[in-house]
Amino acid sequence: MDPHPIVLTVDDDLRRNRLTVFFRLLLAIPHFLWLFVWSLVMFFAAILHWFVALVAGRPAGGLHRFMCSYLRYQVHLTAYLTLAGNPYPGFLGEEGEYPVDVELPAEPQRQPRLTILFRLLLAVPALLLSSAFAGTGGAQFQYGRGVNARASGGGTIAFACAFLGWFASLVQGRMPKGLRDAALYGIGYSAQTGAYLLLVTDRYPNSDPTALLGGIERPPVHPVRIVGEPHDLRRSRLTVFFRLLLALPHLVWVSLWGVAVVLVSIPNWFVALFGGRPARPLHRFAARWVRYRLHVGSFLYLVANPFPGFAGAEGSYPLDLELPDERRQDRWRTAFRILLAIPALIVDAALGWALLVASVLTWFYALVRGSAPWGLRNLSAYALRYDAQTYAYLLLVTDAYPHASPLEGAEAELPPDHEPALHPLA
Amino acid sequence: MRAAPAAALAAVWALAAWWLWRTSVPGSLHLPHLDEHRFFSASQLHAAASFSRFGELTWAGGSLCQLAVLAVYARYGARFSRESAAGPIGTGMLLGMLGFALVWLAELPFGVADLWWQRRHHVSYVGYVDFLFGDWLALAAQFLFLCLALAIVMGLARLVGRWWWLPAAPLFVGVALLFAFVTPWLLPTHRLDDPSLRAAAVRLEAKEGVSRTPVVVQDVRDVTSLPNAEAAGLGPSRRIVLFDTLLDGRFTEPELRVVVAHEAGHVARGHIWKSVGWYALFAFPGTFLLALAVRRRGGMGEAAAIPLALLVLVVLGLLALPFQNAISRHMEAEADWRALVTTRDPAAAVGLFRRFVPTTLDDPNPSTLDYVLFENHPTLLQRIAMAKAYERYAAGAAQSP
């Protein structure tokens, strides 16, 4: 498959200026005003753009460049607001002026008229997903009521990353890589969505995190990581159709088991605090639950096909979880584990929203095609992996903090026809 | 040699059935033959017959569809084992849920048709969207119960082999008892406001020896216009539940007293206990037949047997339906009799049963097939006949020295 024509380029060293971070929202006020004016103009320009493209079969060059500038400006501003970039962005969306930038086709491309005609309709799934990521973009604006949509809950991941990144940057003078990468992922996907909707390209947005962040350095491997067979995208239509009902016994069981795990975690916390490492049986009990939770999530959210077992046994499911043994853990981290886990739980909740949207879209796709789309599958796997890392951390299975980067988790999850240069996501 | 234990078991079964069948309705009571036209107008009879006919058709269509779907599923359903990464029991649960889901889906059009018919006759006020999407909680509960049942059966089958049905049947009876016990607490009810009916209920319950059985009201008028009442619960949970549709002014107070007395009769005669008893009597042979039927598929311990087991269960259920209805009619007739004895108001009973025809569109004198398959109460004409018979019975008792 050809690489997507809309590519996110990142030249960021994670360093942040504390003063500009502290006042970031205030500093961005001129940009908000400018964005509002530009967006008004864009609304009418986009309609004209659509008519021209529909008649000619290709967008007009001037309008195309105008759309590109607008999209690029969106990327710069969103990166600045979400702390994915440090410097103050320019107002014209010029190429190469900002460390977080986007490559867009220089010239308009010929596109099938039918897809131009129904572009708005076709973009709806991508817009839904985009709203869960960054929640900005010309895409939403073109609706006319996009402002409402944006205000109603879009951009949860970007918002969560910006919110947490703000505190971290103020303290450390650096943006945590995981949060930065997650924000970049949302920005990249929103840029692709906007480009699709504004006829900059007819290539549908690709939600595969590894493809979107292909040029970014990957973080170290986390002790809690997803392993197994990712390439089996086949989905049984019948079990997909009834997936929620079929998952019910698992949801009940995972809840009941969860109550037991919480109760067990209390003595385990004391053991880990005073002994320096969790008790082996309690650790195994919690680890099994975390793995079982992943199995259930994979089934429920259509990340994997088969009905899982009820025991959370290692190697029993195509999408499995590698978990560490009971190792010595830092006592300070153990003592304040619940407090420390709060940021991770916030990111986890934000990713949960994206996971939900992705699973609904996958549901429709799988019913029609009998398979799961690779991009959505990988997005969902990323969300599930983070969830597993969060609960493993919270339940003292590991003291390694969850890593929010979509790139974590390494090897071999490329489809047979995938670009070999891209980093895989487990 | 094996015939002796079987005969002994059959004798025990028959003895238990005889004990449960006993009734307080006098054996000498003779129900007079009545002409339905004496009590109901031609238009009422026509409306009731027409309404019932459609219901029978949708039931027949739904049942045939259910059987067809399950037959196909019994043949090919085991293939879905490959969609499972769970062990045999988990896979069995998956296959059971899939079969159940397919049946639910196949029956949905018939349910919608039935709803359309009921809405057309102003019997139901449930919207189509509510019907399709509003009751997911109940559907989810059914799925969970199915999973629990399969886990019990398959677990026992894997544990004790082909004799699994011996411990399974009492287990299911226990579950039925539990349901019977907790059901009243799951119903959203409130106190009966009408003081005179409340006072009447206290008197009637005292006469039946079931004092302090609460009479409560369930609000259903948003979903149906059908008047109904039921006795529910066991021991401390027992109560008499009146639908608020009974209390909307369509029925007179003497008629409502008959309703309360009828339900008190159920409580006094231990009909819920007896229902559980009958369930137990059917559970043993039922589970035995199920075990027998799936033996060629490896028994209930194997997931591949589940699709066939579902079909067998439904067939057994259909076959048992006439017997269940007969037992239910028998107990309802006894409750009617108790109501006549405690209220001593056969005229009110006749008035109540006559009013049921325009309000419930129940056919007062259905065909034999309808009677056998659908009627779990005596027909309205039979109930009126019992009231008439009581009049003569009471008169005879008063004249005797």
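Being a predicted model, the structure only gives us computed values, none of them experimental. (Residues numbered from 1 in each chain as written. Chains lettered and ligands numbered in written order. Predicted model: local features only at pLDDT ≥ 70, side-chain atom pairs only at ≥ 80, totals over all residues.)

Draft legend 1. Summary view of the overall build of chain A. Along chain A, the regular secondary structure elements total 19 helices and 4 strands. Put simply, chain A has 426 residues, and 51% of those count as buried. If you take every contact in chain A between residues at least 6 apart in sequence, the share linking residues at least 24 apart comes to 76%. (Helix = DSSP H or I, 4+ residues; strand = E, 2+ residues; numbered from the N terminus. Buried ≥ 20, exposed ≤ 12 C-beta atoms within 10 Å, placed from the backbone. Contact = placed C-beta atoms within 7 Å.)

Draft legend 2. Quick peek at the overall build of chain B. Looking only at helices and strands, one finds 13 helices and 4 strands in chain B. Its C-alpha atoms give chain B a radius of gyration of 23 Å, near enough to 21 Å, the size a compact globule of 401 residues would have. Oriented by its inertia axes, the alpha-carbon framework of chain B measures out at about 70 × 55 × 40 Å. In chain B, buried positions account for 33% of the 401 residues. Sequence-distant contacts in chain B: of pairs separated by 6 or more residues, those separated by 24 or more amount to 77%. (Rg over C-alpha atoms; globule rule 2.2 N^0.38 Å.)

Draft legend 3. Seen up close, the sheet that holds strand S3 (residues 229–232) of chain B. Residue and element names in this part refer to chain B. Spatial ordering of the open sheet is given by S1-S2-S4-S3, a layout of 4 strands whose pairing is mixed. Here the strands that pair on one side only, and so sit at the sheet edges, are strand S1 (189–191) and S3. Each strand axis lies, on average, 35 degrees off the axis of its neighbour in the sheet, ignoring direction. Where S1 meets strand S2 (residues 215–218), 3 bridges bridge the pair, whose relative direction is antiparallel. Its bridge partner being in S2, His190 is matched across the sheet by Val217. Helix H8 (residues 253–268) rests against S2, S3 and strand S4 (239–243) of the sheet, and its axis sits at about 25 degrees to S3. (Pairing = 2+ DSSP bridges. Axes fitted to C-alpha atoms, helices over the stretch in contact; angles between N-to-C directions.)

Draft legend 4. Structural view of the packing of helix H1 (residues 3–21) of chain B against helix H9 (residues 271–293) of chain B. All names here are of chain B. At a minimum axis separation of 10 Å, H1 and H9 run at an interaxial angle of 160 degrees. In terms of axis orientation, H1 runs roughly antiparallel to H9. Here H1 runs over H9; the crossing is left-handed. Here H1 contributes Trp13, Ala16, Ala17 and Leu20 to the contact with H9, which in turn contributes Lys274, Gly277, Trp278 and Leu281. Tallied by class, residues from the contact of H1 with H9 come to 6 nonpolar, 1 polar and 1 charged. (Parallel < 35°, antiparallel > 145°, perpendicular 65-115°, else oblique. Left-handed = near helix turned anticlockwise from the far one by under 90°. Nonpolar A, V, L, I, M, F, W, Y, C, P; charged D, E, K, R; others polar.)

Draft legend 5. Structural detail: the interface of chain A and chain B. Listed per partner, the contact involves 18 residues of chain A and 16 residues of chain B. If you list the elements that add at least two residues to the side of chain A that touches chain B, you get helix H13 (237–241), helix H14 (243–246) and helix H15 (248–275) of chain A. Tallying contributions element by element places H15(A) first for the side of chain A that touches chain B, with 3 residues.

Draft legend 6. Summary view of unusual backbone geometry. Residue and element names in this part refer to chain A. Even without a glycine there, the phi angle at Leu14 is positive, about 75 degrees. Structurally, the position occupied by Leu14 is in the loop between strand S1 (7–10) and helix H1 (18–22). Note on Leu14: 16 C-beta atoms within 10 Å, which makes it partly exposed. We note that Leu199 has phi near 65 degrees; this positive angle belongs to a residue other than glycine. Residue placement: Leu199 occurs in the loop between helix H11 (177–197) and helix H12 (209–212). Judged by local crowding, Leu199 falls into the buried class, with 25 C-beta atoms found within 10 Å.

Draft legend 7. Looking closely at H8(B). Relative to the 22 Å expected for 16 residues at 1.5 Å per residue, H8(B) spans 22 Å between its end C-alpha atoms, a close match to the ideal helical length. Most of H8(B) sits inside the fold, with 14 of its 16 residues counted as buried. (Expected span 1.5 Å × (residues − 1).)

Draft legend 8. Layout of the environment of Pro249(A). By secondary structure assignment, the location of Pro249(A) is in helix H15. Beyond its immediate stretch of four places on either side in the chain, Pro249(A) contacts Met93(B), Leu144(B) and Cys147(B).

Draft legend 9. Molecular detail of the confidence of the model for chain A. Residue and element names in this part refer to chain A. Overall, the predicted model of chain A reaches an average pLDDT of 88, with 90% of residues at or above 70. Under a pLDDT of 50 for its full length, residues 136–154 has, in the predicted model, 42 contacts with residues more than four places off or in other chains. This stretch, residues 412–426, has a pLDDT under 50; its non-local contacts, to residues over four places away or in other chains, come to 41 contacts. (pLDDT = per-residue confidence, 0-100.)

Draft legend 10. Spatial organisation of the nonpolar core. Among the nonpolar cores identified, the biggest contains 152 residues, and Leu71(A), Ile157(A), Val290(A) and Ala354(A) are the most heavily contacted of them. Per element, the largest residue contribution to this core is 12 residues, and it comes from helix H19 (residues 374–394) of chain A. By size, the runner-up hydrophobic cluster in this structure holds 47 residues, among which are Ile240(B), Val258(B), Ala339(B) and Met386(B). (Core = buried A, V, L, I, M, F, W, Y, C linked by C-beta atoms within 7 Å.)

Draft legend 11. Region of interest: the pairing of S4(B). All names here are of chain B. For S4, the tally of buried residues reaches 4 of 5 residues, placing the bulk of the element in the interior. Where S2 lies against S4, 4 bridges are found, and the strand directions are parallel. Opposite Val215, over in S4, you have Ile240 as the bridge partner. Pairing of S3 with S4 involves 4 bridges; the strand directions are antiparallel. Opposite Ala232, over in S4, you have Arg239 as the bridge partner. Connecting S3 to the next strand, S4, in antiparallel fashion are 6 residues, including Gly233 with a positive phi near 90 degrees.

Draft legend 12. Focus on the confidence of the model for chain B. On average, chain B scores 92 in pLDDT, and the residues at 70 or more come to 99%. Listed scores for the predicted complex are pTM 0.83 and ipTM 0.78.

Draft legend 13. Representation of helix H16 (residues 280–300) of chain A within the structure. Residue and element names in this part refer to chain A. Over its 21 residues, H16 runs 30 Å from end to end, which matches the ideal 30 Å to within 8%, given 1.5 Å per residue. Most of H16 sits inside the fold, with 16 of its 21 residues counted as buried. Of the residues trailing H16, Leu302 is marked for its positive phi of about 65 degrees.

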